[in-house]
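Spelled out, the chains give:
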Amino acid sequence: MTKPIPRPVASPQLTIGEPLQFPADDNAVEGPIVVSIACSPEDDSTAVPLAAASALDAASGGVLATWLADGNASGKAGEICMAALPTKDGSVATVVMVGIGDVDELTRDSLFRHGSAVIRQLASQPRSKIVVAMGLDVPSKFHDALVAGCLFGCEGQAIYRQNPSTHVGDAIEFSGVSAEMLTRGQTIGQSINLTRRLVNEPPSIMNPTEFANRSVAMASEVGLGSEVWDETRLADERCEAILAVGRGSASPPCLLKLQHAGGGDDQPPVVIVGKGVTFDSGGLSLKPSEGMVDMKCDMAGAATVVGVMHAIAKLGVGLNVIGLCGLAENMVSGDSYKLGDVIQTRSGKTIEILNTDAEGRVVLADTLDVAVEQAPAAIVDLATLTGACMVALGNETAGLMTNDESLCNELTDAAKAEGEPVWELPMFKLFDDKVHSKVADIKNVGEGRWGGAITAAKFLENFVAEVPWLHIDIAGPAFADSPKPDRDAGATGVMVRTLIRWIENQAN
C-alpha cells in the first residue's frame, strides 16, 4: 500500500532579535512586527500601548497613538488588530497588536494562547519572517510560554492537505527574550507538537509498531534510553491483558519503555504511564460510526508521555523518569477477545470482560504493573479513558483520581500554574464494590452508567499496589472537534506543559 506523505512538523527558525530597532533612513522595515496593547485601568474600552507599541508610535510620529485613540482597538485579552504604520524614514511597518487585557492578570497560559493566536492569524499567507516584540512588554518569567505558544500556533491537523490554508513562516524573531527562555520555550513547543502529531496521524499509519518506532528514533536523538516489548516479550512477561486487547488486530501490540537517567543511581524514579490504543473500534462491543471516527485519538495518553519524555531529556531535568506506553489496536476478528472472557493479568489478578470497548483500562492493567516493578516514588497515568469523565467535567477539563492527596495537590498546582483545567473526582471506598466480579477478581466495567470515570479509576487502582498514584482522564481535552483562535481542531497536546512543570518541581 502506498502511504500518503505528510507535511513535516512545523519548524520555523527561531532567533533572538536585538532590542527593537526601527530602521534608519537606508533600511527597510522587516515584519510584520507583533506588539502588545493593554486595557486602560481607567476605561477598559481604551487601549494602552506598551513598550514595543510605544516605540512604534514614536517611530511613526504619533500615528499609532492617534489610531488607538480613535477606538480602533480596546486592548482586551485576545483581541488582535493589524495596521500599516508609516515610519519617520518613509517606510511602512506592518504592525500586529495583541490585546493582553489587564497586565496584572497576565498568566503563562494567556501568553501561550496569545502567542499561538497571533501566529495562526498571520499564517493566512506566506511570510518569510515575523518579529515578535511582546517580550519587551511582559514579565520575563513568561517568555518561554510565549515562545512555546508561537510554535504551538504553527502546527495543525491538516497534515495531509495538498494545499493547506495555513502557512508556517520561515523564521520567527523574538525581541526582548533571552537565549535561555527561547531554548526552553522552543523545547516545550516542540514537545507539545510532537504529541499532537502522533495523535493527528491516521490510524492506518500510526499503529503500535509505528508509534514505537518513532518514539525509539526520538529517544535516540535526545539521549533517552528505550526498550520495546514485542508480542514474544509480552508473553514472556505475562502481559496477557495487553495481548488480549491487541489480539484481533493485524498490527501486533507492544509495550514501550523510555528512560531518562537525570538523577542518581539510588534515586527512585517517577513513572508516567500512557494508554496507547492506536485505534479503538470497540472490539466486539462495536462502536457506531459517529463514535469511531475520532478514535485515532485513543492513544493520546501515550503520545503525551512521549512528548513529556522528549522535553525532560532536552531540558536536562535532574530526576530519574520512566515513561511506559501500553500500545494496542482494538479491532474485530475471529480472534478478538470476547465478552465473558477472563484474563489473568501480569500482576496475577483476573479480569472478567463485560465490555470490549472498555479496553484502555485492560491495557493499563499490565502497564501499571510494569510501572510498580520499577520501585517508583510515584506513578502518574494518562488516558482518554471514559466518556463519563466528559459528562461530568465537559470537554476541556481533565479529571484527576488518586490514592494520594499530596500527589494530586502537587499536580493540581502545576496545572494551575500552566492554566490547564483539572478537577479531582472522589475515590470513595464505596466505589470499590462496583468493579468486583462474581467470576474473577474484578470486572472491566462498573454497574451501569453511574460514576463511570470513577469506577474506571477504581479498576486501575487494583494494579498500583501501595505506590502513590494519580490517574488523569483526558478524554475530553485531548482532542478538539472544532478550532479556536489559539488552536486548530484535532490533537491539543493537553497536560504536556503541566507534567513538565510537575516533574521539574520534583527535581528541585
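Look up a bit, the structure's there.
Let us look at the structure shown here. Worth saying up front: this structure is predicted, and the values here are computed from it rather than measured.

### A short note on the overall build of the chain
- Each helix and strand in the chain was counted, giving 15 helices and 20 strands.
- A compact globule built from 508 residues would reach a C-alpha radius of gyration of about 23 Å, and the chain, at 24 Å, matches this within 12%.
- Looking at the chain as a whole, 57% of its 508 residues are labelled buried.
- Partitioning the intrachain contacts of the chain with sequence separation of at least 6 by distance along the chain shows that 78% fall at a separation of at least 24.
- In the form shown here, the chain has an accessible surface area of approximately 20,200 Å², with 49% of it arising from carbon and sulfur atoms.
- The chain carries 38 positive and 65 negative side-chain charges, and their two centres are separated by 4 Å.

### Some details on the side chain of T304
- Summarising the element assignment, T304 is placed in helix α10 (residues 300-315).
- Judged by its relative accessible area of 2%, T304 falls in the buried class.
- Aside from chain neighbours lying at most four places away, what touches T304 is T195, L382, I474, V494, M495, V496 and L499.

### Structural notes on the environment of P126
- By the secondary structure assignment, P126 is in the loop between α3 (108-122) and β6 (129-132).
- In the structure, P126 is positioned 40 residues away from T166 in sequence and 8.1 Å away in space, judged by C-alpha atoms.

### Looking at a nonpolar patch on the surface
- Judged by side-chain polarity, L284, L286, V332 and L339 come together as a nonpolar surface patch covering roughly 360 Å² of accessible area.
- Checked against the element boundaries, V332 lands in the loop between β11 (320-330) and β12 (342-344).
- Residue V332 is classed as partly exposed on the basis of its relative accessible area, which comes to 45%.

### Some remarks on the packing of aromatic side chains
- Applying the stated criterion across every chain yields a total of two aromatic pairs.
- Relative to F463, the ring of F459 has its centre 5.5 Å away and its plane inclined at 50 degrees; by these criteria the two rings are tilted.
- We classify F459 as buried; its relative accessible area is 0%.
- Take F463: its relative accessible area is 3%, and that puts it in the buried class.
- The ring centre of F152 lies 3.9 Å from the NZ or CZ of R196, which sits over that ring.

### Structural notes on the packing of α10 against helix α15 (residues 496-507)
- Contact pair α10 / α15: the axes reach a minimum separation of 9 Å and the direction vectors enclose 45 degrees. Classed by the angle they form, the pair α10 and α15 counts as oblique. Along this stretch, α10 crosses α15, giving a crossing that reads as right-handed. On α15, the residues touching T304, V308, A311, I312 and L315 of α10 are V496, L499, I500, I503 and E504.
- Residue composition of the contact of α10 with α15, by class: eight nonpolar, one polar and one charged.

So, how was this worked out
- Residues numbered from 1 in each chain as written.
- Predicted model: local features only at pLDDT ≥ 70, side-chain atom pairs only at ≥ 80, totals over all residues.
- Heavy atoms only, no water.
- Helix = DSSP H or I, 4+ residues; strand = E, 2+ residues; numbered from the N terminus.
- Rg over C-alpha atoms; globule rule 2.2 N^0.38 Å.
- Buried < 20%, exposed > 50% of the residue type's maximum accessible area, 1.4 Å probe, protein only.
- Contact = heavy atoms within 4.5 Å.
- Areas by Shrake-Rupley, 256 points an atom, 1.4 Å probe, with all protein chains shown as cover.
- Lys, Arg positive; Asp, Glu negative; His and termini not counted.
- Charge placed at Lys NZ, Arg CZ, Asp CG, Glu CD.
- Patch = residues over 30% accessible without salt bridge, like charges linked within 9 Å, V, L, I, M, F, W, Y side chains within 5 Å.
- Salt bridge = Lys/Arg side-chain N within 4 Å of Asp/Glu carboxyl O.
- Phe/Tyr/Trp six-rings, centres within 6.5 Å; stacked < 30°, edge-to-face > 60°.
- Lys NZ or Arg CZ within 6 Å of the ring centre and 35° of its normal.
- Axes fitted to C-alpha atoms, helices over the stretch in contact; angles between N-to-C directions.
- Parallel < 35°, antiparallel > 145°, perpendicular 65-115°, else oblique.
- Left-handed = near helix turned anticlockwise from the far one by under 90°.
- Nonpolar A, V, L, I, M, F, W, Y, C, P; charged D, E, K, R; others polar.

Distances and angles like these do not, on their own, reveal function.
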